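The chain contents come next:
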Amino acid sequence: VVAAHDHAHHPSAPTLRGLGPRSPESIVRHMHEDRLLLGPGPSEPYPEAMEALTRPVLGHLDPEYLAVIAEIRERLQQVFRTTNELTLPVSGTGSSGMEACLASLLEVGDTIIVGVNGYFGERLCEVARRGGAEVVRVEAPWGTPIDPADLIAAQQAAPHAAVLAVVAAETSTGVRNDVAPVGAALAPTDTLLLVDAVTALGGTQLEVDAWQIDASYSASQKCLGAPPGLAPVTLGARAVARMKARKTPVRSFYLDLGLLHEYFLASPPTYHHTASSTLAYSLHAGLGRLLEEGVEQVWARHDRIGRLLQSALPELGFGLIAPESNRLPQLTATTLPNGLDEGSLRKRLLAEYGIEVGGGLGAFAGRAWRIGMMGHAATERSVVTLIGAVRELLA
Ligand code: PLP
C-alpha cells in the first residue's frame, strides 16, 4: 500500500522486479536494512573488511593487487597453521574451494572415502560423484561425530583410495569431527586427507601441518570476518605432487589449482581470470584484524562466546544437539522448546529484531535453529542481544 501510494507521487519511480514499485526513498531504506547476522553464515564482517570494499578497483595483473594477494597468502598460512607454498584465495564461496580441491585431486574413476554425518559431508559425496569418482561413505547419524577409527578402517579396506575427505566443523549439526588421528594414520599411505574447514577456520583449532592434512578449503564469510566471495585453499607437498602426476587435465579450467597457483606466482603475471581486487582487499583486512588479535586468542574468544550461548539456551527450553565432547562453539544447532514452530519464530526474530539465525537442515529441518557466533559477531553483545530478543518473543 505504501509503495503504491509512493508510486502515485513519483510517476517515473524505478521498479525492482519482484518487489513492486518503490520510491527512491524506499530503495535507499531497503539498501540500508540493518541486520545482526547470527546464522550459519555469512557472519558479521569486521568493520575493517567492509571499509576495504570501498577502495579503488584494481586490475587483476596490477602489481598492487598481486602484492595484496602475496600478503593474503602469508596471512592464510598463519591461520591454516601451515608453510604450504600453495595457499591461496580461490574466487567464489566455500563451495568453489570444495570443487577446486576435488576437481584438482581426483581423476575419473578414482575412489574417495567421505565421512558423512551432515549436509556438507553429503555435498562432498555429490560433488565427487558428479566429477566421476567412486564414493565410499563412512556414516554417523546426524548430530553425532564420525569415529576417526571408522575412517581409518575404511581406508585400510580401500588402500587404493586417492582421497579421504571429512568436514572438520559440520555446519548442519554443530558437530566437530576429529581429524588429527586420521592425518597421522593416512600419512604413511597413498590416500590424501582433505579437510573441509569452511566453518572451522579461524573459529576452532585447525592445524594443517601438525595434523598432516594434505588439502583444506574454507570461506571468507564465516570465522574469518569478511563478506562472502573468496575460498581460501591450501595444498601440501603430497597433494601438489598428486596434481602434477595427473594423467588427465583437471576438468575445470576455472578451478584448476595448478593453473591458479601459476597465475598468482607467474613473473611476469599472466591472465587466468578476472579475480576481484575488491574482495581481496576485504579478506586481507579481515585476516589482518584476526591476526592482530592472534589465532589462538580468536579460538579462545569463539570458545568463550559459544559456551556462553550454550549455557543460556537450555534456560529458555532449547536443547543442544551436538554432544558436549564434540560441540562446536562457533555454530550451535539447537532444538526449540516443545510446540514452537521454528519457522515462524525465526521469521519474527528477523522482522521484529533484525536478527538472523538459520533453520535446521536435513534431519533437523523444521525443528531446530542453527546459531552462528562467528568472527566479528562472536561477542558477549551478540549473545545478550539474541537471548534478550528470544526471551521477549517467548513471553
Ligand atoms: N562446507 C561447509 C562445512 C559449510 O558450512 C559450507 C557453507 O555453509 C560450505 C561447505 C559451502 O560454502 P558456501 O556456502 O560458501 O559455498
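The rules we used
- Residues numbered from 1 in each chain as written.
- Predicted model: local features only at pLDDT ≥ 70, side-chain atom pairs only at ≥ 80, totals over all residues.
- Heavy atoms only, no water.
- Pairing = 2+ DSSP bridges.
- Helix = DSSP H or I, 4+ residues; strand = E, 2+ residues; numbered from the N terminus.
- Buried < 20%, exposed > 50% of the residue type's maximum accessible area, 1.4 Å probe, protein only.
- Near = heavy atom within 4 Å.
- Polar contact = N/O pair within 3.5 Å; in protein donor to acceptor, adjacent residues only side chain to side chain.
- Nonpolar A, V, L, I, M, F, W, Y, C, P; charged D, E, K, R; others polar.
- Expected span 1.5 Å × (residues − 1).
- Arc of directions from axis to C-beta.
- Contact = heavy atoms within 4.5 Å.
- Phe/Tyr/Trp six-rings, centres within 6.5 Å; stacked < 30°, edge-to-face > 60°.
- Lys NZ or Arg CZ within 6 Å of the ring centre and 35° of its normal.

Draft legend 1. Representation of the sheet that holds strand 17 (residues 368-372) in the model. Taken in spatial order, the four strands make up an open sheet running 13-14-17-16, and their pairing is antiparallel. Strands with a single pairing partner mark the edges of an open sheet, and in this sheet they are strand 13 (319-320) and strand 16 (358-359). In this sheet, strand 17 lies alongside strand 14 (residues 331-335) in antiparallel orientation, the contact comprising five bridges. Within strand 17, the position partnered with A333 by the bridge is R370.

Draft legend 2. Inspection of the pairing of strand 14 at higher detail. Counting buried positions over the five residues of strand 14 gives four, a clear majority of the element. Taken together, the two bridges between strand 13 and strand 14 define a ladder with antiparallel strand orientation. When the bridges of strand 14 are listed, L320 appears paired with T334.

Draft legend 3. View of the site of the ligand. If you check the shell around the ligand, you find 13 residues, and the closest are T93, S95, T171, D196 and K222. One of the side-chain N or O atoms of S95 is found 2.5 Å from an oxygen atom in the ligand. A per-element tally of the shell around the ligand places helix 5 (residues 94-105) first, with three residues. Considering only residue class, the shell around the ligand consists of five nonpolar, six polar and two charged.

Draft legend 4. Broad picture of helix 4 (residues 63-80). In this model, helix 4 (18 residues) spans 25 Å end to end at C-alpha, consistent with the 26 Å of a helix rising 1.5 Å per residue. If you check which residues of helix 4 are buried, you get Y65, L66, V68, I69, I72, R73, L76, V79 and F80. Mapping the buried residues of helix 4 onto a view down its axis gives an arc of 150°, with all of them on the same face. Seen from the open side of helix 4, the exposed residues pointing more than 90 degrees away from its buried face are P63 and E64. Buried-residue contacts for helix 4 involve strand 4 (86-91), strand 11 (215-217), strand 12 (230-235), helix 10 (257-265), helix 11 (277-293) and helix 12 (295-312). Two residues or fewer past helix 4, R81 is found with a positive phi of approximately 60°.

Draft legend 5. Seen up close, the packing of aromatic side chains. Using the criterion set out here, one finds three aromatic pairs in the structure. The interplanar angle of 35° and the centroid separation of 4.8 Å between the aromatic rings of Y263 and F264 together place this pair among those described as tilted. F264 matches Y263 in its accessibility class, with the two residues each being buried. A centroid spacing of 5.6 Å and a plane angle of 40° characterise the contact between F318 and W369, whose relative ring orientation is tilted. Here F318 is found in the loop between helix 12 and strand 13, whereas its partner W369 is found in strand 17, with 51 residues between them in sequence. In this structure F318 comes out as buried when scored by relative accessible area, which is 4%. Here the basic side chain of R55 rests over the ring of Y281, its NZ or CZ set 4.9 Å away from the ring centre.

Draft legend 6. Local environment of the pairing of strand 4. Most of strand 4 is tucked away: six of the six residues are buried. Side chains L86, L88 and V90 project from strand 4 onto one buried face, and the interleaved T87, P89 and S91 project onto a second face that is buried too. Pairing analysis gives six bridges linking strand 4 to strand 12, with the strands arranged antiparallel. Its bridge partner lying in strand 12, L88 is registered against V233.

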